[in-house]
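# A closer look at the structure
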Amino acid sequence: MNWKCFTAALALAGVAAGMPAKADQLDTIMTAKTLRCATYADVPPFSSPDPKTREMVGFDVDLCKAIANELGVKAEIKPISVEARVPEVKLGRVDITVANLAYTLSRAEQIQFSDPYYVAKEMLIVPADDAGKKKADFEGKRLASTKGSTSELAIKLNKSDPLTFQDTGSAYLAVQQGKARGLVANTMTTTLLVNESKTKGKQMRMIDEPMLLEPVGIGMQKDQPALTAKINAVLHKLDEAGEINKIWEKWLGPNTEYKMTRNEKVVPISELKFDPIP
């Protein structure tokens, strides 16, 4: 290196040394005593306005409040659209996103995910008299789903033929009418439809093997190590204390219309066996 380059390098180093270090988002949260939390605007039972109070309620709202309580700060709930879940936290308009946010490779390039607190599943339901037992039995078969959804992707990954619609109701009707052999949707939706079919229409059953696994975590900005570590620590603490299960039972458990059971524990995503969605 010649002296001119060496002098320039020293000058740049001096400028860098004089610049303040980027504060971690955790410091900002603790100073403001507020955790800005993005949740769905109207997707029950995760987050939606209470018909009487108009306050946001749901699983994600309660989880956000539990995290804020552990941090010793106030939870500020910010309702957002499904499409805004990643952009809002990426741009720093909220501190965290708690909105049934599934891990995908493309999302992980844009934001930081916490350790997953449950694993969502894309499930296949078929008429009760269908002979299929596992997802491999439906390779090459026509399966219905909503257009552009993870469910459609699950069908393609299974080498099945997707028949897509703008809404789940239309996709389900196609199965009832025999236009598709089965329907792929998330566990909550498929559970509701199977229960509904016991008294209405052609009776359905669920294939036990998931079509696709989707670890669900909390979204944060990238390059925020202190915040990431703290959120993970809080999630593990809430899980070990049974608090996440209590919130789950309240909104999604066996005594609700969804009748879902949470069997997972909060673990690093590297410990889960699943095929990441692109």
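The rules behind these values
- Residues numbered from 1 in each chain as written.
- Predicted model: local features only at pLDDT ≥ 70, side-chain atom pairs only at ≥ 80, totals over all residues.
- Heavy atoms only, no water.
- Disulfide = S-S within 2.5 Å.
- Helix = DSSP H or I, 4+ residues; strand = E, 2+ residues; numbered from the N terminus.
- Buried < 20%, exposed > 50% of the residue type's maximum accessible area, 1.4 Å probe, protein only.
- Contact = heavy atoms within 4.5 Å.
- Axes fitted to C-alpha atoms, helices over the stretch in contact; angles between N-to-C directions.
- Parallel < 35°, antiparallel > 145°, perpendicular 65-115°, else oblique.
- Left-handed = near helix turned anticlockwise from the far one by under 90°.
- Nonpolar A, V, L, I, M, F, W, Y, C, P; charged D, E, K, R; others polar.
- Domains from an automatic or database assignment.
- Buried area = accessible area lost by both parts, 1.4 Å probe.
- Salt bridge = Lys/Arg side-chain N within 4 Å of Asp/Glu carboxyl O.
- Core = buried A, V, L, I, M, F, W, Y, C linked by side-chain atoms within 4.5 Å.
- Polar contact = N/O pair within 3.5 Å; in protein donor to acceptor, adjacent residues only side chain to side chain.
- UniProt positions renumbered as here; feature names shortened; annotations may be inferred.

In this structure the tally under the stated criterion is 1 disulfide. A sulfur-sulfur separation of 2.4 Å characterises the disulfide bridge that pairs Cys37 with Cys64. With Cys37 in strand β1 (residues 34-40) and Cys64 in helix α3 (residues 59-71), this pair connects stretches of sequence that are 27 residues apart. Taking the relative accessible area as the measure of exposure, Cys37 reaches 0% and is therefore buried.

Attention shifts here to the environment of Gly219. Within the element layout of this structure, Gly219 appears in strand β12 (residues 212-220). Exposure remark for Gly219: the relative accessible area of 0% places this residue in the buried category. With 103 residues separating them in the primary sequence, Gly219 and Pro116 have C-alpha atoms 10 Å apart. Ignoring anything within four residues of it in the chain, the contact list for Gly219 reads Val89, Asp95, Ile96, Thr97, Leu101, Ile111 and Gln112.

All right, on to the packing of α3 against helix α10 (residues 243-251) then. Geometrically, a packed helix pair is captured by the angle between its two axes and the distance between the axes. Close contact between α3 and α10 brings their axes to 9 Å; oriented N to C, the two are set at 155 degrees. As judged from the angle between their axes, α3 and α10 are roughly antiparallel. When you trace α3 past α10, the crossing you get is right-handed. Of α10, the residues touching α3 (which contributes Phe59, Asp62, Leu63 and Ala66) are Ile244, Ile247, Trp248, Lys250 and Trp251. Counted by class, the contact of α3 with α10 contains 7 nonpolar, no polar and 2 charged residues.

This paragraph deals with the domain arrangement of the chain. Segmentation of the chain into domains returns domain 1 (27-120 + 214-271) and domain 2 (121-213). When each unit is reduced to the centre of its C-alpha atoms, the spacing between domain 1 and domain 2 is 28 Å. If you look at the interface, domain 1 gives 13 residues, while domain 2 gives 10 residues. For the pair domain 1 and domain 2, the summed buried area comes to about 850 Å², and 62% of that belongs to carbon and sulfur atoms. It is Glu214, Tyr258 and Met260 that lose the most area in domain 1 upon contact with domain 2, and together they represent 54% of the buried surface on that side. Seen at the junction of domain 1 and domain 2, the total is 1 salt bridge.

Time to look at the nonpolar core. In terms of nonpolar packing, the biggest core is built from 37 residues, with Leu35, Leu63, Ile67, Tyr117 and Ile218 touching the most fellow members. Elements that contribute at least two residues to this core include exactly α2 (25-32), β1, α3, β5 (96-102), β7 (118-127), β12, α9 (225-240) and α10. Looking at this core, the element that brings in the most residues is α3, giving 7 residues. Membership of the second largest hydrophobic core comes to 12 residues, among which are Ile80, Leu101, Ala108 and Phe274.

This part takes up the side chain of Ser197. Among the structural elements, Ser197 can be located in helix α8 (residues 187-197). Residue class for Ser197 comes out buried when judged on its relative accessible area of 2%. Setting aside its immediate chain neighbours within four residues, Ser197 contacts Tyr172, Lys202, Gln203 and Met204.

With that settled, consider helix α7 (residues 168-176). Residues of α7 that are buried: Ala171, Tyr172, Ala174, Val175 and Gln176. The backbone nitrogen of Gly169 lies 3.1 Å from a side-chain oxygen of the residue at the head of α7, namely Asp167. Gly178 sits one or two positions beyond α7 and adopts a positive phi of about 80 degrees.

Here we take up the UniProt feature "domain: Ionotropic glutamate receptor C-terminal" (unreviewed entry) in the chain. Mapped onto the present numbering, the UniProt feature "domain: Ionotropic glutamate receptor C-terminal" (unreviewed entry) falls at residues 34-254. With 35% helix and 29% strand, residues 34-254 has end C-alpha atoms that lie 33 Å from one another.

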